[in-house]
Each structure stands twice: as structure tokens, then as C-alpha cells.
Amino acid sequence: MSIDVSQFHSIFFEESFEGLDIMESGLLSMSQGEIDDDTVNGIFRAAHSIKGGAGTFGFSNISEFTHGLETLLDQIRNGEREATDDVIETLLSAVDTLREMLTAVQDSSEVDTEKVKQVSKALEQILLGSTSDDVDKVMDEVSDADVSASEPLTQTWLIKFKPLSHMLQTGNEPIRMFRELAELGALSVEVNEEELPPFTDLDPEICYLSWQLTLSGDVDEAAINEVFEWVDGDCELSIERLEQNVPDIEPALSAHESEQIDIHEPMIPPSSLTEGETVEPEVPSPSATEAQLKTSAKIDHLTPKKMKFRLKRKP
């Protein structure tokens with residue numbers, strides 16, 4: 001038995017139109033010079049929710065259009081782009097267009113594709129245009145790399161995602177969330193099938209699987225949480241940042257070698273030996289060799305395991 005997601009359409013449209021009202025109100029406030037973090041974040045979250053819901057229900061044209069809108073809002077909230085009058089005017093036009101698209105889909109009528117193309121092009125032109133903030137950001141990254149070359153430019157996150165048994169009945173699809181994560185960076189996915197029952201006992205509306213994901217890229221924890229916000233309360237989720245730096249034993253070895261000790265030379269001055277005494281060359285003790293092997297094993301243990309399959313970032 002398949003899940004009929006159309007039963008959730010009315011909820012999606014209701015929440016989407018409420019989100020558009022929030023976006024329009026916030027943008028009008030910004031046009032009057034009232035720009036603050038809460039307003040910008042509220043507008044961004046509304047756009048992100050509409051994009052996520054549209055993707056879940058298969059409204060790909062709405063999801064794709066909202067992606068450009070969301071990207072521009074993300075740049076503004078991160079301080080990468082100034083909210084000029086032209087930018088705000090374009091965002092307001094995008095909100096109007098998005099409202100018309102949602103209404104057309106809800107009423108099963110035709111979308112004004114020409115207007116969608118025009119507004120999408122306006123968003124694209126803004127996104128492709130470089131700003132002084134963009135240049136400053138690049139220069140800051142180069143400067144930071146010169147000061148501390150050991151700092152990684154990317155972060156790696158371990159994500160453990162276990163949907164509750166009823167999650168599929170809410171219309172949420174794990175693969176859609178994995179695709180969004182793949183847009184953030186390099187994603188590796190490993191599925192856990194331990195709770196999967198025999199085929200004859202399968203219930204298609206129950207989720208038996210869980211996943212362990214590894215995400216690497218210039219991404220923070222907040223961006224990962226936003227991907228899973230639609231299933232908040234419907235899953236068990238843990239996000240852990242993995243350490244990038246592997247302990248290096250080379251400095252210790254170099255310090256030891258710098259002492260210039262030859263194990264074949266006597267450590268006792270010849271003048272202190274009595275007749276008939278000899279000095280045996282020192283050799284590494286078994287315990288020392290064993291300790292080095294243990295250290296090597298620990299380092300090998302940190303090597304990432306191969307995942308079962310990979311989702312590549314979209315070009």
C-alpha cells in the first residue's frame with residue numbers, strides 16, 4: 001500500500017501562504033530601513049520551508065524557483081551581500097511570483113512561465129554579480145590560511161538519523177533530505193538494516209531503516225539542522241563534528257633523532273671500564289617496539305571506512 005501524500009497538500013499550501021505573508025511583511029520593513037537579524041532570519045526560514053515542502057510534494061518548479069530566492073536571502077543574513085533597495089525590490093517581486101505559482105498549483109491552473117523566467121533571471125543576475133563583501137571574504141580566507149595553515153578549510157560532520165516508525169506517514173522522504181545535504185558538501189551515506197523485518201511482515205507505511213551520514217564541506221551545524229527541521233520530533237537525530245587533525249608522531253621522532261645517538265657506540269666512557277669488561281650495543285626493547293605498533297594501529301584506526309554508496313554534490 002502506497003502513501004497518498006496529496007492528503008497533506010492543504011496543510012502545505014496553508015503554511016506556505018502564511019510564510020509568504022511573513023516574507024512580504026519583513027521585506028517591506030527592510031525597505032523602510034528596519035533591517036535586523038530576526039527579520040532577515042524569519043524571511044529566510046519561511047523561504048526554506050516552502051522550498052523543502054515543495055520538493056517533498058513534487059512541485060519541482062516551485063522548489064527550483066525558491067532556491068534562488070533562498071540563496072540570496074542566505075547571503076544577506078550571512079553579511080555577504082548588502083540589502084540594497086534594488087535587492088529588496090527583486091525579493092518582493094519574487095515573493096509575488098511565488099504566491100502566483102502556489103495559487104496556480106493549488107487551483108490546477110497554468111503558471112505564468114514567462115514571468116517566472118524574468119524574475120528568476122533577475123535573481124540570477126544579482127547572485128552572479130560580485131560585491132566588495134565577496135572580495136573581502138576571499139581575502140580574509142587567504143589571510144587566515146597564511147596565519148594558520150594547519151586549520152582545515154572544510155569541516156566533517158557525523159550525522160546519525162533514525163526516523164521514528166510513523167515518519168513516512170507525515171509525507172517526509174529521507175532521500176529528499178539526503179539530496180539537500182549533498183548540495184552542502186561531499187556526502188557519504190551508510191544504511192542500517194538491522195530492524196528490517198522479513199518481507200512478508202513489511203508495512204509500507206513504517207520506516208525500519210536508519211542512516212549514518214558523513215558530510216564534509218564548508219558547512220556549519222545550523223545549515224544541517226535546517227535540512228531536518230521538517231522532521232523535528234519525528235526522528236532521532238545526532239550531529240557530531242569530527243576532528244580533522246590526526247596526531248602526528250613525526251615531531252617526536254625528529255626530536256629523538258636530533259640527539260644523534262648511535263646505538264652501536266658505547267654509552268660508557270672506555271676509561272671507566274676495567275680489564276676484560278665489554279659494552280654490548282643497545283637495541284630497542286620489545287616494549288618500545290610494541291608501543292610504536294600500538295601508536296600505528298591507533299592512527300590506522302582513524303582512517304575513514306568506505307561507505308556503501310555516495311551522493312555527489314550537484315554541479
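Residues numbered from 1 in each chain as written. Predicted model: local features only at pLDDT ≥ 70, side-chain atom pairs only at ≥ 80, totals over all residues. Heavy atoms only, no water.

Okay, the overall build of the chain next. From N to C terminus, the chain includes 10 helices and five strands. Out of the 315 residues in the chain, the part that is buried amounts to 31%. Contacts spanning at least 24 positions in sequence make up 77% of the contacts within the chain whose residues lie at least 6 apart. Of the accessible surface of the chain, which amounts to about 20200 Å², a share of 51% is contributed by carbon and sulfur atoms. (Helix = DSSP H or I, 4+ residues; strand = E, 2+ residues; numbered from the N terminus. Buried < 20%, exposed > 50% of the residue type's maximum accessible area, 1.4 Å probe, protein only. Contact = heavy atoms within 4.5 Å. Areas by Shrake-Rupley, 256 points an atom, 1.4 Å probe, with all protein chains shown as cover.)

The next subject is the pattern of salt bridges. For the structure on display, the rule yields eight salt bridges. Arginine 99 is the partner of aspartate 21 in a salt bridge, and the nearest nitrogen-oxygen pair spans 3.4 Å. Here the residue aspartate 21 occupies a position in helix H1 (residues 9-31), and arginine 99 occupies one in helix H4 (residues 85-106), the gap between them amounting to 78 residues. The salt bridge involving glutamate 180 is made with arginine 176; its shortest N-O contact spans 2.6 Å. (Salt bridge = Lys/Arg side-chain N within 4 Å of Asp/Glu carboxyl O.)

What follows concerns the packing of aromatic side chains. All told, the structure shown has nine aromatic pairs when counted by the stated rule. Between phenylalanine 161 and tryptophan 211 the ring centres are 6.0 Å apart and the planes differ by 20°, which places this aromatic pair in the stacked class. One end of the pair, phenylalanine 161, is in strand S1 (residues 155-163); the other, tryptophan 211, is in strand S3 (residues 210-217), and 50 residues separate them in sequence. A relative accessible area of 1% places phenylalanine 161 in the buried class. Here the aromatic residues Phe12, Phe13, Phe57 and Phe59 are joined through ring pairs into a cluster of three or more. Positioned above the aromatic ring of phenylalanine 44, the side-chain terminus of arginine 77 is 3.8 Å from the ring centre. (Phe/Tyr/Trp six-rings, centres within 6.5 Å; stacked < 30°, edge-to-face > 60°. Lys NZ or Arg CZ within 6 Å of the ring centre and 35° of its normal.)

Confidence along the chain averages 74 in pLDDT terms, with 68% of residues attaining 70 or more. No element of the chain has a lower mean pLDDT than strand S5 (residues 309-311), at 40, and none a higher one than H4, at 93. In this model residues 145-152 is a low-confidence stretch, pLDDT under 50, and it forms two contacts with partners more than four residues away in sequence or in other chains. Low confidence marks residues 281-315, where pLDDT is under 50. Its contacts with residues over four positions away, or in another chain, come to 34 contacts. (pLDDT = per-residue confidence, 0-100.)

With that settled, consider H4. The end-to-end C-alpha distance of H4, which contains 22 residues, comes to 32 Å, matching closely the 32 Å that a straight helix rising 1.5 Å per residue would cover. Looking only at H4, the buried set comprises Val87, Ile88, Thr90, Leu91, Leu92, Ala94, Val95, Thr97, Leu98, Met101, Leu102 and Ala104. On its buried face, H4 sits against H1, helix H2 (37-56), helix H3 (60-77) and helix H5 (113-128). Trailing H4 by a residue or two, serine 108 shows a phi angle of about 55°, which is positive. (Expected span 1.5 Å × (residues − 1).)

Counting 37 residues, the largest nonpolar core has Met23 and Leu91 as the members making the most contacts within it. Taken together, the elements giving at least two residues each to this core come down to H1, H2, H3, H4 and H5. Looking at this core, the element that brings in the most residues is H4, giving nine residues. Judged by nonpolar contacts, the second largest core, of 24 residues, contains Trp157, Met177, Leu187 and Val189. (Core = buried A, V, L, I, M, F, W, Y, C linked by side-chain atoms within 4.5 Å.)

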